[in-house]
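Spelled out, the chains give:
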Amino acid sequence: MSKDSDNTFAWTELDQRAVDTVRALAMDAVEEAGSGHPGTAMSLAPAAYLLFQRVLRHDPTDPAWAGRDRFVLSAGHSSLTLYIQLYLSGYGLTLEDLKGLRKWGSLTPGHPEHGHTIGVETTTGPLGQGLGNAVGMAMAARRERGLFDPEPPLGESPFDHHIYSIVSDGDIEEGISHEVSSLAGHQKLGNLVVIYDDNHISIEDDTQIAKSEDVAARYEAYGWHVQTVDWTADGEYKEDPEALHRALIAAKEETGRPSLISLRTIIGWPAPNAQNTGKAHGAALGAEEVAATKRVLGQNPDKTFDVPEEVLAHARKVVERGRAAHAEWTKAYEAWRKANPERAAEYDRIAARRLPDGWTAKLPEFEAGKAVATRAASGDILSAIGPVLPELWGGSADLAGSNNTTMKGEQSFIPEEYQTKDFPGNRYGRTLHFGIREHGMGSIMNGIALHDGTRPYGGTFLVFSDYMRPAVRLAALMKLPVTYVWTHDSIGLGEDGPTHQPVEHLWALRAIPGLDVVRPADANETAVAWRTILENTDRPTGLALTRQKVPTWDRSEFGSAEGTAKGGYVLADASNGQPDVIIIATGSEVELAVRARETLEAEGTPTRVVSMPSVEWFEEQDAAYKQQVLPPAVRARVSVEAGIALGWRGYIGEAGESVSLEHFGASADYKTLFQQFGFTADRVVAAARASLARVTAVGKGSTTGT
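Source: prediction; values computed, not measured.

(A) Quick look at the overall build of the protein chain. When its secondary structure is counted, the protein chain shows 27 helices and 20 strands. The C-alpha atoms of the protein chain give 29 Å as radius of gyration, which agrees with the globular expectation for 706 residues (27 Å, within 12%). Across the 706 residues of the protein chain, 60% fall into the buried class. In the protein chain, of all internal contacts separated by at least 6 residues, the share reaching a separation of at least 24 is 76%.

Put into structure tokens, the structure is as follows:
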């Protein structure tokens, strides 16, 4: 952006002073906080400054500019690497904000948080996640170009931009880095540029203690464009911004592969004693070392948070360059809008995450009485709404046929040379193939959701949500509209046995704040669930779906499936409208509750069945509605779910009974498993009787003696 058209490079004395000011600010901020990670921010100062000043297309006066390049600091522990550049570039952060590093209420938390600090594209900290987000952003950029402007050559569309990321040894070591980097290479994401900070240091000091692979060779094997910039090559440490700039320009010009620049640095440079040590990675350097380092830099050791006016003015020139680039982009963007009014209208709608008028008319209604697995219903729903919701795209972690995640007639998102007979596609396709990379899938979906308005979904078996849990947690933390299609939701999957049968997973996932977990009881509940999910734009949702077929309830006899949107509703009420006992069930176990009700009613016990597809949605309802569904006076209650009881105890109370599974499953057909493990209507009836007896006993009172 600040370079000439021939990519000439100049590094002035003010640039060097700015970089040294960054180092001093990093030391001072960590000293002020009493904790933090100064070393990487010090050694990465030239690279980060170069990116923000010379390479990134960004406009600090409009951080949400759609045409901007994205920057992801995957090495989130080095948050100062980002914060200081945001301050120098004019994003609104102040020196006071830097002084507030890691403190209550500050804009500079210990790790960058999306939605909290302007200019932070994603929440990073758990290592490897940012790299996965960057891959997702690169995929989203390509998908959006395909939706809105596929015709121009690369580089000539207002939808062309780059994703840049800085990763650390920690990111590279985490297993998720393999998953997302392998997929990025396979997808030939030429809009992705990663700087690997190869400083050989982590918390346990020299990384040689745990790592010895050739990272550059590893990325070459993935199919990446790989360059090495070694500032130690001459036997002494010499920072060479021009060499790094050449590598960045070459990476930007490589359009057929993602690029990795392996940058050899020395952590903590130029601290006389702390450089190249584990201490520099994760602890304050101490007053003496900070003063000594400032002397090396030619700075006054008695001053803290000292930013010379001429240095700040020089760095802030990036605002002018950013606004000029923005204005140039806007001309191309407005020309595109004028030439493509229908696409422009669709772009506006999708960017705002507005659903099109009348889209719900495409939702299928499922015939009563016909047994349908909810995973199959979900697949039919996706195929039905796909044509009117182009923003919705996704796929599976190599389980498309099991998860039912492939929209009928849609092309795969894949370089043309990798399409297959079963999955034809192109670079702008819609069906995603994550491969057997559940954790990477979760992180990539977060990146897709962060990039703009498109809505990703991804499928695997519910039991394998364990593999992706860190990314799911971050989606909840960032309030991202990501949808997980988790099928094979109980022992009902049958013969694959206990390794594949989720037992603790539903309540473990419900424990994540901000994640909605939805386990529909039939096909029509599944349709309402999908509608509600897509109407929500501020949270992730996991759909837990059956492998086995379940009844489709006749809604002329049972409560409307519209109750699904409220999380819990009366599916079948007591015959007199005044239940003595309430049975709360989810998913495939609702059928058992309905059959148990028939028996109890025949015995003269008024019984209500509540279908509770989503605890989270139910808890959002007002007190009056919740009391209407679960009257506090009715204390005889039974929960029925083929998993651990855990949170159900809060719904059934002291007198309640849970029909649950408090151990692992087994390998057999699902009917045998349900019978052997007590998931039968008779068992639910017995639990109801036990709860009624307990209520009666307590009601009569009891005496105790000593």
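We are not done yet, so read on.
(B) Up close: the sheet that holds strand β17 (residues 581-585). An order of β16-β18-β17-β19-β20 is seen for the five strands of this open sheet, with the pairing classed as mixed. The outermost strands of the open sheet, each flanked by one partner alone, are β16 (569-572) and β20 (657-659). Geometrically, the sheet is characterised by an average inter-axis angle of 30 degrees between neighbouring strands, direction not taken into account. With five bridges joining them, β17 and strand β18 (residues 607-611) adopt parallel strand pairing. For I583, the partnering residue across the bridge sits in β18 and is V609.

(C) Summary view of the nonpolar core. Membership of the largest hydrophobic core comes to 62 residues, with the highest contact counts inside it found for L51, F71, L80 and L248. Per element, the largest residue contribution to this core is eight residues, and it comes from helix α1 (residues 13-33). Every residue in contact with F71, bar those within four places of it in the chain, is listed here: L51, F52, L56, L82, E121, Y164 and I166. Listed in part, the 54 residues of the second largest apolar core include L189, M478, I512 and V517.

(D) Layout of the side chain of T81. As for its placement among the helices and strands, T81 is situated in helix α4 (residues 79-89). Accessibility expressed as a relative area gives 3% for T81, which makes it buried. A polar side-chain atom of T81 sits 2.6 Å from a polar atom in the side chain of S78.

(E) Representation of the pairing of strand β8 (residues 392-396) within the structure. For β8, the buried fraction is high: five of the five residues fall into the buried class. Note: β8 against strand β12 (residues 455-461), five bridges, orientation parallel. Counterpart to L392 in the pairing with β12 is R455.

(F) Here's a closer look at the packing of helix α8 (residues 175-187) against helix α9 (residues 215-222). Between α8 and α9, whose axes approach to 8 Å, the crossing angle comes to 45 degrees. Relative to α9, the element α8 is oriented oblique. Along the contact surface, α8 presents S177, H178, S181, S182, G185 and H186, while α9 presents R218, Y219 and Y222. Of the residues in the contact of α8 with α9, the class split is two nonpolar, six polar and one charged.

(G) Spatial organisation of the packing of helix α6 (residues 129-148) against α8. At a minimum axis distance of 8 Å, the contact between α6 and α8 shows a crossing angle of 20 degrees. The angle between the axes of α6 and α8 places the two elements in the roughly parallel class. Between α6 and α8 lies a crossing of left-handed hand. On α8, the residues that touch Q129, L131, G132, V135 and R142 of α6 are I176, S177, V180, S181, A184 and Q187. Its residues assigned to classes, the contact of α6 with α8 shows five nonpolar, five polar and one charged.

(H) Representation of the side chain of Q501 within the structure. Mapped onto the secondary structure, Q501 falls in the loop between β13 (483-487) and α20 (505-510). A distance of 2.7 Å separates a polar atom in the side chain of Q501 from the backbone oxygen of G494. At a separation of 2.7 Å, a polar atom in the side chain of Q501 contacts the main-chain carbonyl oxygen of A666. Residue contacts for Q501: discarding those within four places in its chain leaves V463, S490, I491, L493, G494, G665, A666 and L673.

(I) Up close: the sheet that holds strand β1 (residues 70-73). Reading across from one edge, β1-β2-β3-β7-β6 is the order of the five strands in this open sheet, with parallel pairing throughout. Each edge of the sheet is formed by a strand with only one pairing partner; in this case those strands are β1 and β6 (225-230). Going across the sheet, the axis of each strand differs from the next one's by a mean of 15 degrees, ignoring polarity. Relative to strand β7 (residues 259-264), β6 is paired through six bridges, and the arrangement is parallel. Paired with Q227 across the bridge in β7 is I261. Helix α3 (residues 45-55) contacts β1, β2 (163-167), β3 (192-198) and β7 of the sheet and is inclined by roughly 170 degrees relative to β2.

(J) Local environment of α1. With 21 residues, α1 extends 30 Å between its outermost C-alpha atoms, agreeing within 8% with the 30 Å of an ideal straight helix rising 1.5 Å per residue. Where α1 ends, the next residue or the one after it, G34, has phi of about 85 degrees, a positive value.

(K) View of the environment of E525. Assignment of secondary structure puts E525 in helix α21 (residues 523-535). As for E525 and T564, which are separated by 39 residues in sequence, their C-alpha atoms are 5.9 Å apart. Leaving out residues up to four positions away in the same chain, E525 has contacts with P520, R555, A561, T564, Y569, S611 and P613. At 2.6 Å, the side chain of E525 forms a polar contact with the side chain of Y569. For E525, the side chain forms a polar contact with the side chain of S611, separated by 2.7 Å.

(L) Representation of the packing of aromatic side chains within the structure. As enumerated under the stated definition, the model contains 28 aromatic pairs in all. Centre to centre, the rings of W329 and Y333 are 4.7 Å apart; their planes meet at 10 degrees, and the pair counts as stacked. With W329 and Y333 both in helix α14 (residues 317-339) and four residues apart, the pair spans about one turn of that helix. For the pair W329 and Y333, a shared accessibility class is recorded, and that class is buried. Here F464 and Y467 contribute two aromatic rings whose centre-to-centre distance is 5.8 Å and whose plane-to-plane angle is 25 degrees, an arrangement assigned as stacked. Here a set of aromatic residues connected by ring pairs shows up, and it is made of W65, F148, F159, W329, Y333, W336 and Y347. Of note, R510 hangs over the ring of W507, and the distance from its end group to the ring centre comes to 4.5 Å.

(M) Spotlight on the pattern of salt bridges. In total, this model carries 36 salt bridges according to the counting rule given. Between D160 and R145 there is a salt bridge; the shortest N-O distance is 2.6 Å. Of this pair, D160 sits in the loop between α6 and β2 while R145 sits in helix α6; the two residues are 15 residues apart in sequence, bridging distant segments of the chain. Residues D160 and R145 agree in their burial class; the two are buried.

(N) Summary view of unusual backbone geometry. The linkage connecting W269 with the following residue, P270, adopts the cis geometry, with an omega of 0 degrees. Tracing the sequence through the fold places P270 in the loop between β7 and α11 (278-282). Phi is positive for K188, close to 55 degrees, though the residue is something other than glycine. With respect to the element layout, K188 can be found in the loop between α8 and β3. Overall, K188 belongs to the partly exposed group, its relative accessible area being 24%. Positioned with a positive phi, H488 is a non-glycine residue whose angle comes to about 55 degrees. Tracing the backbone shows H488 in the loop between β13 and α20.

Analysis parameters
Every chain begins its residue count from 1, and numbering advances along the sequence as written. Residues qualify for local features only when their pLDDT is at least 70, as the model is predicted, and side-chain atom pairs are given and counted only at 80 or more; totals for whole chains, interfaces and linings, by contrast, use all residues. Only heavy atoms go into the side-chain values, all of them from the structure, while hydrogens and water stay out. Strands here are runs of E lasting at least two residues and helices are runs of H or I lasting at least four, both read from the DSSP assignment and numbered beginning at the N terminus. We take the radius of gyration over the C-alpha atoms and set the globule estimate at 2.2 Å times the residue count to the 0.38 power. Burial classification: accessible surface area is computed with a 1.4 Å probe over protein chains only, and a residue below 20% of its type maximum counts as buried, one above 50% as exposed, and the rest as partly exposed. Residues are treated as being in contact if the distance between any of their heavy atoms lies within 4.5 Å. When DSSP locates at least two bridges between a pair of strands, those strands are taken to pair. Each axis is a line fitted through C-alpha atoms, taken for helices only over the stretch in contact, and angles between the N-to-C directions span 0 to 180 degrees. In this text, buried Ala, Val, Leu, Ile, Met, Phe, Trp, Tyr and Cys residues form a nonpolar core when linked through side-chain atoms within 4.5 Å. Here a polar contact is recorded for every N or O atom pair within 3.5 Å, except that within protein the pair must consist of a potential hydrogen donor and a potential acceptor, and residues adjacent in sequence are included only if both atoms are side-chain atoms. An angle below 35 degrees is read as roughly parallel, one above 145 as roughly antiparallel, one from 65 to 115 as roughly perpendicular, and any other as oblique. Gly is put with the polar residues, along with every residue not named as nonpolar or charged; the nonpolar set is Ala, Val, Leu, Ile, Met, Phe, Trp, Tyr, Cys and Pro, and the charged set is Asp, Glu, Lys and Arg. The sense of a crossing depends on the near helix, which, turned anticlockwise from the far helix by less than a right angle, makes the crossing left-handed and, turned clockwise, makes it right-handed. Multiplying 1.5 Å by the residue count of a helix minus one yields the expected span of that helix. Here a Phe, Tyr or Trp ring, Trp counted by its six-membered ring, pairs with any other such ring whose centre lies within 6.5 Å, and the pair is stacked when the planes are under 30 degrees apart, edge-to-face when over 60, and tilted otherwise. For a ring to carry a charge above it, either NZ of a lysine or CZ of an arginine must fall within 6 Å of the ring centroid while also lying within 35 degrees of the normal to the ring plane. Take a side-chain nitrogen of Lys or Arg and a carboxyl oxygen of Asp or Glu: if they are within 4 Å of each other, that pair is a salt bridge.

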